[in-house]
Amino acid sequence: MPRTDAVAPARTTAADAAGGRPRLTLLLASLGFFLITLDILIVNLALTQIGVELGGGTAGRQWVIDGYTLTFAVLLLFAGNLSDRIGAKRSFGCGILLFLVASIGCALAPSLGLLIAARVVQGAGAAIMLPASMALIREAFPDARQRTHALGIWAVGGAVAGAVGPLVGGALTTVDWRLVFGINLPVCVVMLVLLAFVAHSPKRPTPFDWAGQAVSIVALTALMYGLITGGDQGFGQPSVILSLVVAVAGIAAFLVLQSRVRHPMMPLQLFRYSGMRIALVDGFVFMVGNFGSVFVVSLYLQQHLGLSPLLAGLVFLPSAAFSITGNIISGTLANRYGARLPIVLGFALMAAGFVGLLLAAPAGSPILTGAFLIFTGTGGSVAMPPVTSVVLASVPAERAGTASAVFNTFRQVGGAVAIAVFGAFIANTDTFIRGMQLSFAIAAIALLAAGLVGLRIRTGSHH
């Protein structure tokens with residue numbers, strides 16, 4: 001008995017020294033992940049009103065989304081390094097402040113160009129917050145079992161934001177689309193207050209691949225510009241051709257750099273593990289379906305069917321409810337049958353949902369649209385948790401952090417590509433339905449392919 005009493009305070013002291021008040025730190029980190037995810041999806045229901053007030057056409061609306069997601073994607077690996085260099089607490093604080101200032105800029109933006117610029121800054125703030133939030137949890141929960149439970153709670157923040165984002169966006173846009181960004185302000189202030197009670201984080205000077213970071217930014221920005229502008233103005237435009245050439249050359253140069261530099265930001269050795277390769281494909285395709293469906297359906301409901309932002313948001317509500325249930329079912333299926341079954345089942349459900357959306361598009365029925373969105377929402381929530389677990393199980397423990405960052409980068413790039421490509425298909429109002437059906441056909445085929453790839457997942461680690 002004396003031994004137990006002696007050990008318990010020591011554990012508490014270790015946790016306090018590592019991360020201050022563990023539960024408060026978990027609340028703070030979860031709020032951060034909630035906010036990051038919310039601002040990816042909440043804006044979709046405001047796009048129509050933004051276009052009415054600020055102009056810009058389909059291409060402008062695409063950049064409102066991709067300005068955020070693209071910046072988020074290309075800076076994730078840098079942000080992880082920054083968190084190590086200056087400490088997770090300071091890095092998280094910098095991310096909150098950047099996000100706060102950018103949200104004010106978005107809410108007050110007098111033109112579409114300034115709104116997109118503020119969204120870029122907002123994406124940078126989100127990128128800085130994400131790895132720092134995970135690092136804060138690691139520091140606050142030194143015990144592995146407690147940390148696993150804490151990370152599960154942290155992940156719920158993102159899942160809830162993803163589920164309610166369209167509905168909240170529709171409700172706020174009904175009053176004023178600028179509230180979609182204004183809602184971030186009180187949340188950021190609360191987070192800054194909570195951060196003051198978190199203990200200081202250790203600094204770990206680590207080398208960084210600056211050349212790889214610069215080349216990746218150029219390559220991905222050129223790719224998005226080429227796809228979005230090409231869909232809007234035609235792929236024969238000299239600026240579009242040049243942009244796509246720069247993108248291809250940039251991607252090739254990035255791969256060469258990663259194979260030669262001493263400390264690559266994306267170690268090519270990660271691709272030796274089959275589980276990692278499968279997870280990257282599945283994560284990319286999932287985001288194509290997830291981001292693509294919310295973006296296209298939001299415009300379909302408002303521009304083509306004439307629904308108000310609030311009613312359009314309500315169409316997403318059943319999908320949101322089922323996606324929360326899907327996350328719970330996913331864990332049960334994975335524990336009982338392994339990762340392969342929920343991944344394959346989830347992608348099959350998503351593909352079925354997109355086939356239904358494709359067939360229902362000419363009918364113009366919000367009820368049918370909402371019903372088929374249930375399949376896409378449920379399928380994604382069933383598939384993605386085990387895909388994430390495959391990432392961690394496939395690589396050695398010392399590469400888990402880098403592997404997670406690479407995985408999340410692929411996911412965000414998938415979402416950005418979907419917005420760019422699907423936006424090009426629906427840019428012409430006269431052929432909107434045909435472009436919508438083409439988008440959903442591509443998504444369904446890609447999801448079926450991802451499900452088939454998931455069949456190759458093997459049990460065990462480091463494959």
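Each chain has its residues counted from 1, following the order in which its sequence is written. The predicted nature of this model means local features are confined to residues of pLDDT at least 70 and side-chain atom pairs, given and counted, to a pLDDT of 80 or more, with totals for whole chains, interfaces and linings taken over all residues. With hydrogens and water excluded, all non-hydrogen atoms of the structure serve as input to the side-chain values.

Caption draft 1: Just the overall build of the protein chain, in detail. Counting secondary structure elements, the protein chain contains 18 helices and zero strands. For a compact globule of 463 residues, the expected C-alpha radius of gyration is about 23 Å, and the protein chain comes in at 22 Å, within 12% of that figure. Viewed in the frame of its principal axes, the protein chain has a C-alpha envelope of about 75 × 50 × 45 Å. Taken across its 463 residues, the protein chain has 53% of its residues classed as buried. The contact rule is simple, with two residues in contact once any of their heavy atoms fall within 4.5 Å. The contacts in the protein chain between residues at least 6 apart in sequence include a share of 83% that link residues at least 24 apart. Calculation of accessible area relied on Shrake-Rupley with a 1.4 Å probe; when residues are assessed, cover is drawn exclusively from the protein chains displayed. When the accessible surface of the protein chain is totalled, it reaches about 19100 Å², and 69% of it is carbon and sulfur. Strands are runs of DSSP state E lasting at least two residues, helices are runs of H or I lasting at least four, and both sets are numbered from the N terminus onward. Both definitions apply: the radius of gyration is a C-alpha atom measure, and the globule rule equals 2.2 Å times residues to the power 0.38. Note on exposure labels: buried denotes an accessible area under 20% of the residue type's maximum, exposed denotes more than 50%, and partly exposed covers the range between, all computed with a 1.4 Å probe on protein chains only.

Caption draft 2: How the structure looks around the nonpolar core. The term nonpolar core refers to a set of buried residues drawn from Ala, Val, Leu, Ile, Met, Phe, Trp, Tyr and Cys, joined through side-chain atoms within 4.5 Å. With 132 residues, the main nonpolar core has Val 43, Phe 92, Leu 115, Met 224, Met 276 and Phe 347 as its most contacted residues. Among the elements that take part in this core, helix H12 (residues 274-304) stands out by supplying 16 residues, more than any other. Every residue in contact with Val 43, bar those within four places of it in the chain, is listed here: Ile 50, Val 64, Ile 65, Arg 119, Val 180 and Phe 181.

Caption draft 3: View of the packing of helix H4 (residues 57-86) against H12. Interaxial distance between H4 and H12 falls to 12 Å at its minimum, and their mutual angle equals 155 degrees. Taken together, H4 and H12 sit at an angle that is classed as roughly antiparallel. Considering the relative orientation of H4 and H12, their crossing is right-handed. Along the contact surface, H4 presents Arg 61, Gln 62, Ile 65 and Thr 69, while H12 presents Phe 291, Phe 295, Leu 299 and Gln 303. Grouping the amino acids of the contact of H4 with H12 by side-chain chemistry returns four nonpolar, three polar and one charged. An axis is simply a line fitted to the C-alpha atoms; with a helix, the fit covers only the stretch in contact. Between two such axes, the angle follows the N-to-C directions and lies from 0 to 180 degrees. Angles below 35 degrees are treated as roughly parallel, those above 145 as roughly antiparallel, those between 65 and 115 as roughly perpendicular, and all remaining angles as oblique. By convention, the crossing between two helices is left-handed when the near helix turns anticlockwise from the far helix through less than a right angle, and right-handed when the turn is clockwise. Following the grouping adopted for this structure description, the nonpolar residues are Ala, Val, Leu, Ile, Met, Phe, Trp, Tyr, Cys and Pro, the charged ones are Asp, Glu, Lys and Arg, and the polar ones are all others, Gly among them.

Caption draft 4: Main features of the packing of aromatic side chains. Each Phe, Tyr or Trp ring (for Trp, its six-membered ring) is paired with any other whose centre lies within 6.5 Å, and the angle between the two planes then decides the class: stacked below 30 degrees, edge-to-face above 60, tilted in between. Using the criterion set out here, one finds six aromatic pairs in the structure. With centroids separated by 6.2 Å and ring planes inclined at 90 degrees, the aromatic side chains of Trp 177 and Phe 181 adopt a geometry described as edge-to-face. The same class applies to Trp 177 as to Phe 181, namely buried. A ring pair is formed by Phe 354 and Phe 440, whose centres lie 5.4 Å apart and whose planes are at 55 degrees; its orientation type is tilted. Taken together, the positions of Phe 354 in helix H15 (residues 340-360) and Phe 440 in helix H18 (residues 432-454) put the pair 86 residues apart, joining distant regions of the chain. Assessed through its relative accessible area of 0%, Phe 354 is described here as buried. With relative accessibility at 0%, the residue Phe 440 sits in the buried group.

Caption draft 5: Spatial organisation of the confidence of the model for the protein chain. Scored from 0 to 100, pLDDT records how confident the predictor is in each individual residue. For the protein chain, per-residue confidence averages 84 on the pLDDT scale, and 93% of positions sit at 70 or higher. Low confidence marks residues 1-20, where pLDDT is under 50. Its contacts with residues over four positions away, or in another chain, come to 17 contacts.

Caption draft 6: Geometry of a nonpolar patch on the surface. Patches in this entry comprise residues that are over 30% relatively accessible and not in a salt bridge; like charges within 9 Å are linked, as are nonpolar side chains (Val, Leu, Ile, Met, Phe, Trp, Tyr) within 5 Å. By definition here, a salt bridge exists when the distance from a side-chain nitrogen of Lys or Arg to a carboxyl oxygen of Asp or Glu is within 4 Å. A grouping of Leu 310, Leu 311, Leu 314 and Leu 317 is seen on the molecular surface, where their side chains present a nonpolar patch of about 320 Å² in accessible area. When residues in the nonpolar patch are grouped by element, the largest group, three residues, is from helix H13 (residues 309-315). The residue Leu 314 is located in helix H13 in this model.

Caption draft 7: Summary view of H12. In this model, H12 (31 residues) spans 43 Å end to end at C-alpha, consistent with the 45 Å of a helix rising 1.5 Å per residue. When you tally the buried positions in H12, you get 25 out of 31 residues, the bulk of the element. In the stretch just after H12, Gly 306 is the one whose phi turns positive, near 75 degrees. Multiplying 1.5 Å by the helix residue count minus one yields the expected span of that helix.

Caption draft 8: Structural context of the state of the cysteines. By convention in this document, the label disulfide applies to cysteine sulfur atom pairs within 2.5 Å. Counted according to the given criterion, the structure contains zero disulfides. Here Cys 188 is not disulfide-linked; the sulfur of Cys 106 is the nearest cysteine sulfur, at 11 Å. When its relative accessible area of 1% is taken as the criterion, Cys 188 is described as buried.

Caption draft 9: Spatial organisation of the packing of helix H5 (residues 88-108) against helix H9 (residues 184-195). Closest axis-to-axis distance for the H5/H9 pair is 9 Å, and the angle between their directions is 160 degrees. By the angle between their axes, H5 is roughly antiparallel relative to H9. For the crossing formed where H5 meets H9, the hand is left-handed. In this structure, H5 contributes Lys 89, Phe 92, Gly 93, Ile 96, Leu 97, Phe 99, Leu 100, Ser 103 and Ile 104 to the contact, and H9 contributes Asn 184, Leu 185, Cys 188, Met 191, Leu 192 and Leu 195. In terms of residue class, the contact of H5 with H9 is made up of eleven nonpolar, three polar and one charged.

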